[in-house]
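# Working through the structure, step by step
Chain by chain, the residues run as shown.
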Amino acid sequence: MYCEQCGKRIAETAKFCPYCGNAVGIADSVQSQQSVKREISTPPSLETKQGAIPASLETRQESTPASQEAKQEQKYVGFWARFAANFLDGILISILLSPSIFLAATSIRPEGLIVAIAAFWGLDILAVVILLVLWYKKQASIGKMAISAKIVDARTGKAPTKNQLIGRYFAYLLSFLPLGLGFLWIAFDSKKQGWHDKLAGTAVIYV
C-alpha cells in the first residue's frame, strides 16, 4: 500500500510510514467503527416510525376533508327561491293551457265548450307528464333549473326514485289544502321541506 501523506510505497502491515512518520490505517478504522455504532444505535423500527405514515391514517386524512366538503355543498333552497321557481312553472303551464282557455272563453255553442274543456284537461295532463319527466330526467322543473336547484332524496342526497317523484306530485294536494300551509312550512323547516317533500322523502338543494 501507499502512504496517504507522502505517497511512497510501504509494507501492508505497517502502522506508520517509515519516510514521513504518518499514521497509516487508523483513520479508516475509526470511520468504520463510527459507522457501525450509528447502524447499531438506530433501530429499523425507529426509521419506519419517523419516515412512514400508516395507510389508515392517510386514508382518514384524505376522506375527512372530502366528506366535510360534500356536507358543505348541500345547501337547501329556501321558501322565496322555491316560490319564484314555482311561479315561473305556473306561467309556463298557463301558456300551455292558454289555447283551451281562449277556446272556452270565445265558444258560443255547447259543442265548442265541451271541446274546450276536453282540450283543457288534455293539456293539463300533458303538463303533468312533462313535469314528471323533467323531475325524473333532470331532477328539476324548468323553474328549478332557472335557480340552479334540483330535487334529491332527503336521506341519501341522490336522485329520487320514480315512486318518490309520483308521490311527491300527488302530495302537492295535501300542501295546498290547508290554505297552502304545506308550502309555507318550507320557510320554517330546518331542511326547507314542504309537506309534500316530507311525505315523499325528498328535499330541494342548490346544484
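Look up: the structure comes first, before these words.
Notes on the structure follow. Everything numeric in this text was worked out from a predicted model, so none of it was measured. (Residues numbered from 1 in each chain as written. Predicted model: local features only at pLDDT ≥ 70, side-chain atom pairs only at ≥ 80, totals over all residues. Heavy atoms only, no water.)

### Description of the overall build of the protein chain
This is how it is decided: A run of H or I in DSSP counts as a helix once it spans at least four residues, and a run of E counts as a strand once it spans at least two, with each numbered from the N terminus. We call two residues in contact when some of their heavy atoms are within 4.5 Å.
Across its full length, the protein chain holds nine helices and two strands. Scanning the protein chain from its N terminus toward the C terminus, one meets helices and strands in the order α-α-α-α-α-α-β-α-α-α-β. For the protein chain, contacts bridging at least 24 residues in sequence account for 53% of all contacts bridging at least 6.

### Description of the packing of helix α4 (residues 79-106) against helix α5 (residues 110-138)
Convention followed: Axes here refer to lines fitted to C-alpha atoms; in helices the fit is confined to the stretch in contact. Angles between the N-to-C directions go from 0 to 180 degrees. When an angle is under 35 degrees it counts as roughly parallel; over 145 it counts as roughly antiparallel; between 65 and 115 it counts as roughly perpendicular; any other value is oblique. Think of it as three bins: nonpolar holds Ala, Val, Leu, Ile, Met, Phe, Trp, Tyr, Cys and Pro, charged holds Asp, Glu, Lys and Arg, and polar takes everything else, Gly as well.
In the contact formed by α4 and α5, the axes pass within 7 Å of each other and the chain directions differ by 170°. Taken as axis vectors, α4 and α5 run roughly antiparallel relative to one another. Counting all contacts with α4, which are made through Ile-93, Leu-96, Leu-97, Ser-100, Ile-101, Leu-103 and Ala-104, the residues of α5 involved are Gly-112, Leu-113, Val-115, Ala-116, Ala-119, Phe-120, Leu-123, Asp-124 and Ala-127. Grouping the amino acids of the contact of α4 with α5 by side-chain chemistry returns 13 nonpolar, two polar and one charged.

### Focus on the pairing of strand β2 (residues 202-206)
Counted only if it meets this: Each residue is placed in one exposure class: buried if its accessible area under a 1.4 Å probe, protein chains only, is under 20% of its type's maximum, exposed if it is over 50%, and partly exposed if it falls in between. The rule for pairing is simple: two strands pair if DSSP sees at least two bridges between them.
Counting buried positions along β2 gives four out of five residues, so the element sits mostly inside the fold. Direction of pairing for strand β1 (residues 149-153) relative to β2: antiparallel, over a ladder of five bridges. In the strand pairing of β2, Lys-150 is matched with Ile-205.

### Here we look at unusual backbone geometry
Of note, the phi angle at Gln-139 is positive, near 60°, even though the residue is not glycine. Using a relative accessible area of 16% as the deciding quantity, one classes Gln-139 as buried. Of note in this structure, Leu-179 is not a glycine but carries a positive phi near 60°. In this structure, Leu-179 sits in the loop between α7 (162-176) and α8 (181-184). Relative accessible area serves as the criterion here: at 82%, Leu-179 is assigned to the exposed category.

That's the geometry; what it means functionally is another story.
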